[in-house]
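Architecture at a glance
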Amino acid sequence: MHPTAELIGAAATLIALGFLTAASIRSISRRKHVSPGAR
């Protein structure tokens, strides 16, 4: 693979991981706010 393609793939992976991390943090914090004593 070309170095440029590898860089693009790595950047896309980092962006996707960051998006997933932000989404899970949001849902976790939302869950805490909505029902603090669910269990």
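As shown above, the structure is provided for reference.
What counts, and at which threshold
- Residues numbered from 1 in each chain as written.
- Predicted model: local features only at pLDDT ≥ 70, side-chain atom pairs only at ≥ 80, totals over all residues.
- Heavy atoms only, no water.
- Helix = DSSP H or I, 4+ residues; strand = E, 2+ residues; numbered from the N terminus.
- Buried < 20%, exposed > 50% of the residue type's maximum accessible area, 1.4 Å probe, protein only.
- Areas by Shrake-Rupley, 256 points an atom, 1.4 Å probe, with all protein chains shown as cover.
- Patch = residues over 30% accessible without salt bridge, like charges linked within 9 Å, V, L, I, M, F, W, Y side chains within 5 Å.
- Salt bridge = Lys/Arg side-chain N within 4 Å of Asp/Glu carboxyl O.

**Describing the overall build of the chain**
- Each helix and strand counted, the chain has 1 helix and 0 strands in total.
- A buried classification covers 0% of the 39 residues belonging to the chain.
- Carbon and sulfur atoms provide 69% of the accessible area of the chain, an area that totals close to 3800 Å².

**Side note on a nonpolar patch on the surface**
- Taken together, the side chains of Leu 14, Leu 17, Phe 19 and Leu 20 make up a nonpolar region of the molecular surface, amounting to roughly 480 Å² of accessible area.
- Within the element layout of this structure, Leu 20 appears in helix α1 (residues 3-34).
- On the basis of relative accessible area, Leu 20 is assigned to the exposed category, the value being 54%.

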